[in-house]
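One letter stands for each residue in the lines below.
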Amino acid sequence: MTSKKYDLVIKNGRVIDSALGFGRNAHVFIKDGRIVKVEVDSAPIRQELRTLDSDQIIDATDKLVVPGLIDIHVHLREPGREDEETVESGCRAAAAGGFTSICCMPNTTPQIDNQGTVKFVQDRAQNTDARVFVVGAITKGQKGKELAEIGDLVKMGAVAISDDGFYVQNAEIMRRALEYARMFDIPVMQHSEDRQLCEGGMMNESYESTRLGLRGSPAVAEEVAVLRDIALCRLTEGRLHIQHITTRRAVDAVRQAKKEGVNVTAEATPHHLILTDKEISKEFNTNLRVNPPLRIEDDRDAVIEGLVDGTIDCIASDHAPHSAEEKDCEFDQAPPGMIGLETSLGLVKTFLIDKGYLSWADVIRKMTINPARILNLPGGTLEEGSLADITIIDPEKKWTVKADKFLSRSNNSPFIGQQLTCQVYKTILNGKVVFER
Amino acid sequence: MSRLSSRHLLGLEGTPRKDIEAILKTADTFSEVLDRTIKKVPTLRGITVVNLFYEPSTRTRISFELAEKRLSADTVSFSLSTSSVKKGESLRDTLQNIEAMKIDMVVVRHTSAGVPYFLTRFSDANIINAGDGSHEHPTQALLDMYTIYKKYGKLDGLRVVLIGDVMHSRVIRSNIWGLKTMGASVALCGPATLLPYQVEQFGCDVYTNLDEALDGADVVNVMRIQLERQHSGLFPSQREYTKLFGINKDRLKHLKKNYTIMHPGPINRGVEITSDVADGSQSVILNQVTNGQAVRMAVLYLLSGKDEEEGVS
């Protein structure tokens, strides 16, 4: 507790809080890591601002002031591959990308399928530049055979379960996971690609894979997986979250399921909203190898439509760091995945807002309050009394993605060299600036 | 400087007609060399060529080695298995080490599509693709085209049927691009499970009925069928494959009178083609092997950019 009335005031910014439906120029007052109030400009407020020390004030003129962004799909490589990312470096990358809360997936070595590993990650996340929420495994060792001790995982603080990277191929196990997770009111997050249909797949199955002679992962592998899980979700009345949705038919299935009242949510990644499999072309850029694969234009457009009409609830990066050595090789030998924390916001602004698909209010909803609600996370709003996790955005700032500028330990991004509009100006966690430009 | 529009031969997709014509024309010149008593010219004297084979190959490797030796190039061949490479030295390190020994050209075969392209990103050598995964095998298609050209004096307007495992065949892919560029009409035929997704976008006629595919064709190029496809569930048995897609004498009646039978080898006799057809009077299967020499000599010479004076004399 400090004696001052406020620890920090962010003045003159355009405040967007989609949870409250608020979007006006206003001042944000912070004390003891909490939001005290958000006030529009007035004579008494101006008077109050004049009484404050200048070092307490951040001038956010021409900037956007939004709840700290939330990314519910991130791979921190700790424990196991600390050369690619640690909890600490991942949180630094998160802060640089405007994220104050991230959810880490359990496919570490060892996997996060027991209390000990949850605790290990949480310990590593003390005093980092972002809050880390742990997603536990659905099955022991993510092998798809026996349920992990989900009760234990939740007790230790896991906010959801997922075998991300692997689809739970066994329908019986998935059914039981949805039933069991209901007891704890957590969603089951599913990487929806039938493993047999996409065995050996290097890229989307399309004319591009036919032309390049690379084995394809067909779109139908996702459709089949999503339809099965929606049926199981309907049966069990559990909560299903579809990770990184990529195909028109899968989006249609989620839309229909939501209409019927099935408790299903979905996320989309910036890369699936922007890129298509045509990018792989003849350059065989291994940074474009990702699961699920980049799809055709019609699928990409359908994912955008789903995001616009609310079928897809949120944007998540699927930040997947890989070492340069592992990616500097034959296309079919490269591990799938690309980093995303530091480019997510710029890509969304440049390719979705500037092209007229989404408004800022839509984007903030899909990057703050919606993901918070899916996983019952704190934050996502600037409501009085809530956490002072805030992102200040310079919406028209132009910058170019550079390999050597990433704060992530890895730089496996296909967007290197891309010019983007919109950059994070400051990231505030718990009332303290953790990143600034 | 290369006498072709590119410094490398990575594939025939996008290779312009004038390059293919130049290769065929130059192959004619080297064909004469192969008829001489002393089948060697000083064309590539002082040029070092490395054959980098990451996949077992007998005939392609020997064909390249002989072509290089007959051009008086210094050659060295590496055979590496991809499995040991995965654990040990990376592809980039291997190539950079070899290049540090001051080499000029690299002939590469690899199980992964795109490897020849990958090598061009950090090598100054001329790269020749000798087969990359299921992607392309440009010199095989060039020698196929040269063989057809030698017999008919043209490629324009001929009907060529490619039969077999279209999904996994780099020879078919390269043939499609090359033949279409040269004005031939291309038909593909194979089991539905071995026709890749959206195969019709290649701009070829696609058949699953062999007799329909053969109807009115000039050239039949039969591909080897690999038994491992059966084990991955792509066709039920060799027996059924032979019944539905095997070339035998009886099938030949659908073809034009002056037809030609081709096969890139190695042949599974009695499986995709019967011996009497493979060894018959219309078969040019061994001519393909001979022509492979001339075509590979032509490609090496044209890419090396060595002067004409030192050429074939």
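Residues numbered from 1 in each chain as written. Chains lettered and ligands numbered in written order. Predicted model: local features only at pLDDT ≥ 70, side-chain atom pairs only at ≥ 80, totals over all residues. Heavy atoms only, no water.

Colleague: Mind showing me how you'd approach the overall build of chain B here?
Modeller: Secondary structure assignment for chain B yields 12 helices and nine strands. A compact globule built from 313 residues should have a C-alpha radius of gyration of about 20 Å, and chain B, at 19 Å, falls within 12% of that. Across the 313 residues of chain B, 57% fall into the buried class. In the structure as shown, chain B presents an accessible area of about 12900 Å², 49% of it carried by carbon and sulfur atoms. Taken as two groups, the 38 positive and 36 negative side-chain charges of chain B have centres that lie 3 Å from each other. (Helix = DSSP H or I, 4+ residues; strand = E, 2+ residues; numbered from the N terminus. Rg over C-alpha atoms; globule rule 2.2 N^0.38 Å. Buried < 20%, exposed > 50% of the residue type's maximum accessible area, 1.4 Å probe, protein only. Areas by Shrake-Rupley, 256 points an atom, 1.4 Å probe, with all protein chains shown as cover. Lys, Arg positive; Asp, Glu negative; His and termini not counted. Charge placed at Lys NZ, Arg CZ, Asp CG, Glu CD.)

Colleague: Explain the domain arrangement of chain B to me, please; I cannot follow it from the model alone.
Modeller: A common way to express how large an interface is: the accessible area buried when the components associate. Residue and element names in this part refer to chain B. If you check the domain split of chain B, you get domain 1 (17–136 + 290–310) and domain 2 (138–288). Spacing between the C-alpha centres of domain 1 and domain 2 amounts to 26 Å. Taken residue by residue, the interface counts 28 residues in domain 1 and 29 residues in domain 2. For the domain 1 and domain 2 pair, buried surface summed over both sides reaches about 2200 Å², with 56% attributable to carbon and sulfur atoms. Linking domain 1 with domain 2 are two salt bridges. (Domains from an automatic or database assignment. Contact = heavy atoms within 4.5 Å. Buried area = accessible area lost by both parts, 1.4 Å probe. Salt bridge = Lys/Arg side-chain N within 4 Å of Asp/Glu carboxyl O.)

Colleague: Would you mind going over the domain arrangement of chain A with me for this structure?
Modeller: Residue and element names in this part refer to chain A. In terms of domain boundaries, chain A breaks down into domain 1 (8–65 + 387–396 + 403–436) and domain 2 (68–374). One C-alpha centre belongs to domain 1, the other to domain 2; they are set 27 Å apart. Tallying the contact residues gives 34 residues for domain 1 and 50 residues for domain 2. For the pair domain 1 and domain 2, the summed buried surface comes to about 3200 Å²; carbon and sulfur atoms form 63% of the total. Of all residues in domain 1, Arg409, Asn412 and Phe415 give up the largest surface area on contact with domain 2, accounting jointly for 21% of the area buried on that side. We note a salt bridge from glutamate 396 to lysine 349, for which the minimum N-O separation is 3.3 Å. Scanning the region where domain 1 abuts domain 2 turns up 21 residue pairs in polar contact (both at pLDDT 80 or more). Of all the secondary structure elements, the ones that give two or more residues to the side of domain 1 that touches domain 2 are β16 (390–400), β17 (419–429) and β18 (432–436). (Polar contact = N/O pair within 3.5 Å; in protein donor to acceptor, adjacent residues only side chain to side chain.)

Colleague: Before we go on, may I ask you to explain the state of the cysteines in this structure?
Modeller: In a disulfide, the sulfur atoms of two cysteines are covalently bonded to one another. Residue and element names in this part refer to chain A. Overall, the coordinates contain zero disulfides over all chains when judged by the stated rule. For the unlinked cysteine cysteine 198, the closest cysteine sulfur is that of cysteine 329, found at 20 Å. Under the relative-accessibility criterion, cysteine 198 is labelled buried at 14%. Distance from the sulfur of cysteine 233, which forms no disulfide, to the nearest cysteine sulfur (cysteine 314) is 16 Å. (Disulfide = S-S within 2.5 Å.)

Colleague: Whenever I open this one, the pairing of strand β3 (residues 34–40) of chain A confuses me. Can you help?
Modeller: A regular strand places its side chains so that they alternate between the two faces of the sheet. Residues and elements named next belong to chain A. Across six bridges, the pairing between strand β2 (residues 22–31) and β3 is antiparallel. Its bridge partner lying in β3, valine 28 is registered against valine 38. The antiparallel hairpin formed by β2 and β3 contains two residues in its connecting segment, where aspartate 32 sits at a positive phi of about 55°. (Pairing = 2+ DSSP bridges.)

Colleague: What am I meant to see in the packing of aromatic side chains here?
Modeller: The description of an aromatic ring pair uses the distance of the two centres, along with the angle that the planes make with each other. In the structure shown here, the tally under the stated rule is nine aromatic pairs over all chains. Consider the rings of Phe118(B) and Phe122(B), whose centres lie 5.2 Å apart with planes at 80°: the pair is edge-to-face. Take Phe118(B) and Phe122(B): they sit in the same class, and that class is buried. Ring pairs connect the aromatic residues Tyr207(A), Trp177(B) and Phe202(B), which therefore count as one cluster. (Phe/Tyr/Trp six-rings, centres within 6.5 Å; stacked < 30°, edge-to-face > 60°.)

Colleague: Hey, could you run me through the environment of Lys243(B) in this one?
Modeller: Residues and elements named next belong to chain B. Along the chain, lysine 243 falls in helix α10 (residues 238–245). Residue classification places lysine 243 among the exposed positions, given a relative accessible area of 55%. Along the primary structure lysine 243 and valine 271 are separated by 28 residues, whereas in three dimensions their C-alpha atoms are 8.9 Å apart.

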